[in-house]
Amino acid sequence: MTRFASAKLALLTLFSGISLCTYSEEAAVRPSGNCPLGTDFEIAGYTIRTVRIENPFEFLRWVRARIDDAKRDVSSLAGRPYRTVDVQRTARELEGANFLPEAGDQRVRVSLVVTSVENCSGGKLDLVYSVLSSQIAPVLSGTFESWKAERTVPERVAGADQVTGRLRISPAGGYERSERLFGGGRMEYRLSGAGSGPAPLDSLELEGLGSTSMHELSAALAGSRDTAAGLIAHADWQLNYLNSSQPSDQSQLRKNRLSAQLSAITRPLGRWRLPMRLGGLLEGGRLESDFREAALSRDTVPKSDYGAAKLFLGTTTRLDRSVLAASYGIELGSTTAGARMDWIKHVADLAHDIVLPVGDHRSLEIESRLTAGLLDVRGSVPVTARFFGGNREEPFIAGETWTIRSNPVIRSIPANRFNLTAAGPGATRFVAYNMTAAIPLWRRPIVPPELSQDIEFEKQLETQITTATSFVQTDYAARDPHFKLAAGRIGDVRAALAKLNAAVGAAASARPGQFTELFTACAKTIERADRRAQAAARSKEGEQLGNVAALLAVDEDRLNGVDSACVGDLNARIGDPAVAAHGASLRQIHAEMEREFSLIDQSSASRQAEAEMAYVKRTLHALVYDLNVFSIGPVVGFDFAHIGPADSRLGTRYGIGGGLRVTLVNSTDLTLGYFANPKRLSKEPSGAFFLSVRFKDLLE
Amino acid sequence: MAKGSNTTADALAPAGGAKRVVVGIKVKFELNSKNGLRRVVFGLEKNTQGDDVQWKIDFELYERDKKTDPYGDPLVKLDVEVDTKLNSKAEDTAHNGLTPRQAAHALGPAADDAKGTITGEVDEDDAKDTVQATLKKK
């Protein structure tokens, strides 16, 4: 939901942004001796002048506390001669410090510690440890909402803010022509031990905003669950209470409702490897307005109790440089108790963002959104349930993990004032398109360019992503039906090995002192093969795949080893019929396992692993190569919206404008600007000023 | 190990050149099993001393009985020194990452033999051989 803040707050924020910018520039031009490449700083006799630890998420209190602890440990290096062994040991200690909270079921956690030296002059140098840790949810990181969050709250995407058992307070405030000067904030308490139980409760949230013309108060209990296996990758639920009063040009629009919703996202599915999102919601309460009944359409009432059920589904995907989300929602509403359906509302929302790099940590970002709605009134509908447009987004469902826009957003008209149709206030259909382009002119990267531009660093990042993908691929390969058939023979293998072992033992007893080395070699190969078979029997997924493979030619070839030692070498000399029979039985089982194992569709497993890890890879790349701690730059935009029933003169509007976007990931996100309304009715304003400010956690 | 430059600190402070020089990178991936009871850590460490580059792979295995338990200390921790001059396979692994077969071997036999050293079922040398064999898989 778009928020607006006061000019005073904006000036304060701008000032702090400029201050940070100035500091950054000063740091960049500080006189320093350059450190020559290819130098052994120990042999060259350098002394460590200072030691510094950098972490992009140092503004988080708990990260800062760990860095402070670590600083105390590394400070002993300062003033001492540069010794490689000491520098490396400190890096290992920093890696072990773990700058990430434990976060439930994330499959992959990445930790980078980069050691560098700078300011080499006067026989001294400064030692810098850069630490970047990240735990990325493979499916959730591919959503449109996660992409948006990266820009303003990268620590959330990196999994660095998942600390529980503490209160977060985030003030908000602003100004908008309809809503006037308003203020408020958001409080959230994340519970310790969240994420367990049949209905896990993660957080309690309270949000409030108020002005002389509006108020909005919401309270929510929310929970979620991530799963590492199965079709559903993530599910969340929310119990939400909302009491709001929003101004339009003629009346207040009031809502007082309680809702319960459940939504989920699957793992990537189908040929295009797209995750599906789906959910449902039940809500009930009262919708009110100050409209006179005579001013409204005959099927519309100014106020009424109501109940509604919503179903919604969609998909989202993240490509290398863009992200796409498509959502559809249907609302079945009633103003009376019972099964009568008074209205059916359809909403379709398509969002696309693309980032076009134009320099280091500088990209042109183009956001597009196409939204349409249709209200089919079969009985009577409260006017508040009709579509009201303007410079304010109305979400179809609560929460931040999935946003579905449900009203015509046009930034050149104040909130809720785009509503007049041939049938009176409130539309029954709309289509709206919004385009925004932004580029940062001044920025400070999260990961220093010295690191992100280091070729070896880039290569090692790719290497580790490859390794992680290989691990995930083994899990997918272990689901292949042919692998299950191969693994299903493990019990037979163990039984055959036991019989062969007994036959060999009997043969040895019958031939005391003969062929001792051959008997010993055979028994040892049987023991080793059985150890792998035991491990395969008690393990699952990728681990089981590795142990089964160890029996086969693709890996340690343990069963061939048994055949070679016991039948090929030993029984060729002793000609024991029992050893021959049990050896043949084992060979047959082995052959069937080899055949099934060779039929595992590794290509499919590879594709699935690539698809799952692609989101992690793209998110990691964005954190390292795209995102900024601080950025400021211009924004331009174009809006189009049509509401009905109305002809183009009454129901079509445009918006053209621009502004400024300032992001300080440690404190504030601010956008301000003005959109002109070139095709307006006589009483409509010529445009709308907008300013939105969101502050981060005050207690950080 | 061949040493790099032997010039003195002051003599090697030219006006041009890199402002900050990276002398070491540690990248660590933690991979958690689907049931949340096992964690495998593959750490890769590069250290630069003059013109010399040294690679080291850390292998750690963690297990726990319940998801609500902390992992605690690693059940097994093995360090593999990679000699880039003598072992091209190790170098390939260090530079290209583990293949799926290598990953399966590490998760299965390597981890199992490493655990076996704790119970005495497997000699430590045999376990190290099994871990080293990870590098030989295609």
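Everything numeric in this text was worked out from a predicted model, so none of it was measured. (Residues numbered from 1 in each chain as written. Chains lettered and ligands numbered in written order. Predicted model: local features only at pLDDT ≥ 70, side-chain atom pairs only at ≥ 80, totals over all residues.)

Time to look at the overall build of chain B. Summing up its helical and strand segments, chain B has three helices and four strands in all. Starting at the N terminus and ending at the C terminus, chain B contains elements arranged as β-β-β-β-α-α-α. Put simply, chain B has 138 residues, and 45% of those count as buried. Partitioning the intrachain contacts of chain B with sequence separation of at least 6 by distance along the chain shows that 46% fall at a separation of at least 24. (Helix = DSSP H or I, 4+ residues; strand = E, 2+ residues; numbered from the N terminus. Buried ≥ 20, exposed ≤ 12 C-beta atoms within 10 Å, placed from the backbone. Contact = placed C-beta atoms within 7 Å.)

What follows covers the overall build of chain A. Summing up its helical and strand segments, chain A has 15 helices and 24 strands in all. Taking all 700 residues of chain A together, the buried fraction comes to 48%. For chain A, the proportion of contacts with a sequence separation of at least 24, taken over those separated by at least 6, is 70%.

Take the pairing of strand β12 (residues 304–318) of chain A next. All names here are of chain A. Looking at chain direction, strand β10 (residues 276–289) and β12 are connected through twelve bridges and run antiparallel. Opposite Leu281, over in β12, you have Lys310 as the bridge partner. Counting the residues between successive antiparallel strands, the hairpin from β12 to strand β13 (residues 322–334) contains three residues. (Pairing = 2+ DSSP bridges.)

Residue and element names in this part refer to chain A. Here helix α13 (residues 577–598) contains 22 residues, and its C-alpha end-to-end distance of 31 Å stays within 8% of the 32 Å for a straight helix at 1.5 Å per residue. Inspection of α13 places Val579, His582, Gly583, Leu586, His590, Met593, Glu596 and Phe597 among the buried residues, and these make up the whole buried set. Within α13, the buried residues cover an arc of 150° as seen down the axis, which keeps them to one side. Exposed residues lying more than 90 degrees from the buried face of α13 are Pro577, Gln588, Ala591 and Arg595. Considering only its buried residues, α13 is in contact with α8 (481–487), α9 (490–510) and α12 (558–574). (Expected span 1.5 Å × (residues − 1). Arc of directions from axis to C-beta.)

So, about the confidence of the model for chain B. Residues and elements named next belong to chain B. Mean pLDDT over chain B: 71, with 66% of residues reaching 70 or higher. Below a pLDDT of 50 lies the segment residues 1–18, which in the model reaches 46 contacts outside its immediate sequence neighbourhood of four places, other chains included. Model confidence for the complex: the whole-complex pTM is 0.72, and ipTM, which rates the interface, is 0.74. (pLDDT = per-residue confidence, 0-100.)

On to the nonpolar core, then. Residues and elements named next belong to chain A. One finds Leu125, Leu500, Val504, Val548 and Cys566 to be the most contacted residues of the largest nonpolar core, which totals 148 residues. Here the element with the most residues in this core is helix α14 (residues 602–626); it accounts for eleven residues. Beyond its immediate stretch of four places on either side in the chain, Leu125 contacts Cys35, Phe41, Tyr46, Ile48, Arg49, Tyr82, Val117, Glu118, Asn119 and Cys120. (Core = buried A, V, L, I, M, F, W, Y, C linked by C-beta atoms within 7 Å.)

Residue pairs three or four apart in sequence face the same way in an α-helix, which turns once every 3.6 residues. Here helix α2 (residues 61–74) of chain A contains 14 residues, and its C-alpha end-to-end distance of 20 Å stays within 8% of the 20 Å for a straight helix at 1.5 Å per residue. Residues of α2 of chain A that are buried make contact with β1 (47–54) and α3 (84–96) of chain A.

Attention shifts here to the domain arrangement of chain A. For chain A, the assigned domains are domain 1 (37–135), domain 2 (140–446 + 627–695) and domain 3 (481–600). On a C-alpha basis, the centres of domain 1 of chain A and domain 2 of chain A stand 42 Å from each other. (Domains from an automatic or database assignment.)

Our next topic: unusual backbone geometry. Keep in mind that most residues, glycine aside, have a negative phi and that most peptide bonds are trans. Residues and elements named next belong to chain A. Between Gly644 and Pro645 the backbone carries a cis peptide bond, its omega angle lying at 10°. When you line up the elements, Pro645 lands in the loop between β21 (628–644) and α15 (648–651). Phi at Asn119 takes a positive value of approximately 55°, unusual for a residue other than glycine. Along the chain, Asn119 turns up in strand β2 (residues 108–121). Since 21 C-beta atoms lie within 10 Å of it, Asn119 is described here as buried. Unusually for a residue other than glycine, Phe515 sits at a positive phi of about 50°.

Residue and element names in this part refer to chain A. Interhelical geometry of helix α10 (residues 516–538) versus α12 gives an angle of 160° and a closest axis separation of 9 Å. When the axis of α10 is compared with that of α12, the two are roughly antiparallel. Both α10 and α12 take part in a crossing whose hand is left-handed. Between α10 and α12, the contacting residues are Leu518, Phe519, Ala521, Cys522, Thr525, Ile526, Arg528, Ala529 and Arg532 on the first element and Arg558, Leu559, Gly561, Val562, Ala565, Cys566, Asp569, Leu570 and Arg573 on the second. (Axes fitted to C-alpha atoms, helices over the stretch in contact; angles between N-to-C directions. Parallel < 35°, antiparallel > 145°, perpendicular 65-115°, else oblique. Left-handed = near helix turned anticlockwise from the far one by under 90°.)

As a further point, take the packing of α12 of chain A against α13 of chain A. Residues and elements named next belong to chain A. Where α12 meets α13, the closest approach of the two axes is 10 Å, and the angle between their N-to-C directions is 155°. Classified by the angle between their axes, α12 and α13 sit roughly antiparallel to one another. The two elements α12 and α13 meet at a crossing, and its hand is left-handed. Mapping the contact onto sequence places Leu559, Val562, Asp563, Cys566, Val567 and Asn571 in α12 and Val579, Ala580, Gly583, Leu586, Arg587 and His590 in α13.

All names here are of chain A. With respect to the element layout, Gly45 can be found in the loop between α1 (7–28) and β1. Overall, the presence of 14 C-beta atoms within 10 Å leaves Gly45 in the partly exposed class. For the pair Gly45 and Lys124, spaced 79 residues apart in sequence, the C-alpha separation works out to 8.6 Å.

We now examine the environment of Arg20 of chain B. Among the secondary structure elements, Arg20 of chain B is positioned in strand β1 (residues 20–32). For Arg20 of chain B, a count of 22 C-beta atoms within 10 Å corresponds to the buried category. Residues contacting Arg20 of chain B, with those up to four places away along its chain left out, are Cys35, Ser116, Glu118, Val128 and Glu450 of chain A.

Overall, the predicted model of chain A reaches an average pLDDT of 85, with 89% of residues at or above 70. Low pLDDT, under 50, characterises residues 1–32 of chain A; the stretch is placed with 53 contacts to residues that sit more than four places away or in other chains.

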